[in-house]
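# Reading the structure
Each chain, written out:
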Amino acid sequence: MELGIEVEGTRLAATLDLPAGQVRGAVVILHGAQAGHRSYFCYTHLAQILPDAGIAVLRYERRPRIGGHDVPLAGQADDAAAAIAVLRRYVGAVPIGLWGWSQGAWVAPLTAVRNPGLVAFLILVSCSGVSPAAQMRYGTAEQLRQHGFTDADLVDLDHLRGTVEEYLRGHTGRASAQQAVDRAAARPWFRLAWLPRELPTEIGTWTDMDFVPEPVFARANCPVLLFYGATDAWVPVDASIAAWRRAAITGALDLTICRLDGCDHLPSFDEREDIANISSQYSTTLVTWLESQLSTGAADRRGPEKTPRQVERQGSRSIRRLSS
């Protein structure tokens, strides 16, 4: 079913896939930064497998960038809330959750926090527990390591990104930051630094660079399923899991963590962007977890304790680990 989501004078085209029979629950898909189209393979895969389990799937086009700048996380959260409102008209009073990948995995808990009671559960793939600036430092350093660059190159990269970050925060002038970029542009690793060759003329263009996700995690207050690729080279997995575990102690989270064997930043083998290479571990765990959430009723969707192989207890909250 083709739909539209109206947000601030813009209509975002959307596709709704409904089960053939009874609707037991629904999921709204939130985008990665470089995958804003509803036809992206990860999103299409969900539309193929979830309706058979009685779960509706809503996919929509990400809001267009303005002037080449990314859409702020708060704006994306507003779009997600609007998408839920549209979806509710077609699925009734069933639980609606959010599925988010990469940047979308920040937007999903932020949406839940900004709209208490709106989001029944969260499914997050490659969710960073550190700020966007820290995550990009980690990810670009890993790219250099994987391409065989030296420790000295890593030091230079870290200094360069730090210099650019300080300019974007308004702490240094553009001229000195641009000079640093100009010097680095001749280095063979510069293409892996993920920095523009010409810096923006105005500061503040990276709106969310210092967004701190952990306090948001702690306030999400709903069941959460986390997926991390065992070899993710863009997200500091251990630090991110630690942030979620601290949030589970502080907040009211029911947390399930699954590390995907053979996967990196995508839930597919060898980072291949096609459905045929999506991990069966990911698909099976996703559907099983959703079944457990939807089978327990609206008052308590925490799921049976016997489903995962291992349960960790921290305080009064449960943290499930499906693989380590």
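From a predicted model like this one, the values you see are computed outputs, not experimental measurements.

### Structural notes on the nonpolar core
Soluble globular proteins tend to bury their nonpolar side chains together. Grouped together as the largest cluster of nonpolar side chains are 54 residues, with contacts concentrated most on Val28 and Trp244. Per-element tally for this core: the top contributor is helix α2 (residues 73-91), with 8 residues. Discounting chain neighbours no more than four positions away, the residues touching Val28 are Leu58, Tyr60, Ala83, Ile84, Leu87, Ile96, Gly97, Leu98 and Trp99. Formed by 31 residues, the second largest nonpolar core is a distinct cluster that contains Leu46, Leu50, Ala53 and Ile278.

### Quick look at the pairing of strand β7 (residues 223-229)
Burial analysis of β7 places 7 of its 7 residues in the buried class, the great majority of the element. Burial along β7 is two-sided: the residues Pro223, Leu225, Phe227 and Gly229 and Val224, Leu226 and Tyr228 are all buried. Note that strand β6 (residues 122-125) and β7 share 4 bridges and pair parallel. Among the inter-strand pairings, Val125 is bridged to a residue of β7, identified as Phe227. One ladder, built from 7 bridges, connects β7 with strand β8 (residues 254-260); its direction is parallel. Note on β8: the bridge partner recorded for Leu226 is Ile257. Crossover β7 to β8 through helix α8 (residues 237-250) is right-handed.

### Details of the packing of helix α4 (residues 132-146) against helix α5 (residues 151-168)
Their axes nearest at 10 Å, the elements α4 and α5 cross at an angle of 155°. In terms of their interaxial angle, α4 and α5 are classed as roughly antiparallel. In this structure, the crossing between α4 and α5 has a hand that is right-handed. Taking contact as the criterion, the partners of Ala133, Met136, Arg137, Thr140, Ala141, Leu144 and Arg145 in α4 are, on α5, Asp153, Leu154, Leu157, Asp158, Arg161, Gly162 and Glu165. Within the contact of α4 with α5, the residues separate by chemical class into 6 nonpolar, 2 polar and 6 charged.

### Focus: the pairing of strand β2 (residues 10-17)
Summarising the sheet, strand β1 (residues 2-7) and β2 pair through 6 bridges and their orientation is antiparallel. If you follow Val7 over to β2, its bridge partner there is Thr10. Between β1 and β2, which follow one another and run antiparallel, lie 2 residues, and Glu8 among them has a positive phi close to 50°. Sheet topology places β2 next to strand β4 (residues 55-60); 4 bridges connect them, and they run antiparallel. Residue Asp17 lies in a different strand from β4, and its bridge partner there is Val57.

Procedures and definitions
Residues numbered from 1 in each chain as written. Predicted model: local features only at pLDDT ≥ 70, side-chain atom pairs only at ≥ 80, totals over all residues. Heavy atoms only, no water. Core = buried A, V, L, I, M, F, W, Y, C linked by side-chain atoms within 4.5 Å. Buried < 20%, exposed > 50% of the residue type's maximum accessible area, 1.4 Å probe, protein only. Helix = DSSP H or I, 4+ residues; strand = E, 2+ residues; numbered from the N terminus. Contact = heavy atoms within 4.5 Å. Pairing = 2+ DSSP bridges. Right-handed = clockwise from strand over helix to strand, strands pointing away. Axes fitted to C-alpha atoms, helices over the stretch in contact; angles between N-to-C directions. Parallel < 35°, antiparallel > 145°, perpendicular 65-115°, else oblique. Left-handed = near helix turned anticlockwise from the far one by under 90°. Nonpolar A, V, L, I, M, F, W, Y, C, P; charged D, E, K, R; others polar.

Everything listed here is a matter of coordinates, which is why it stays silent on function.
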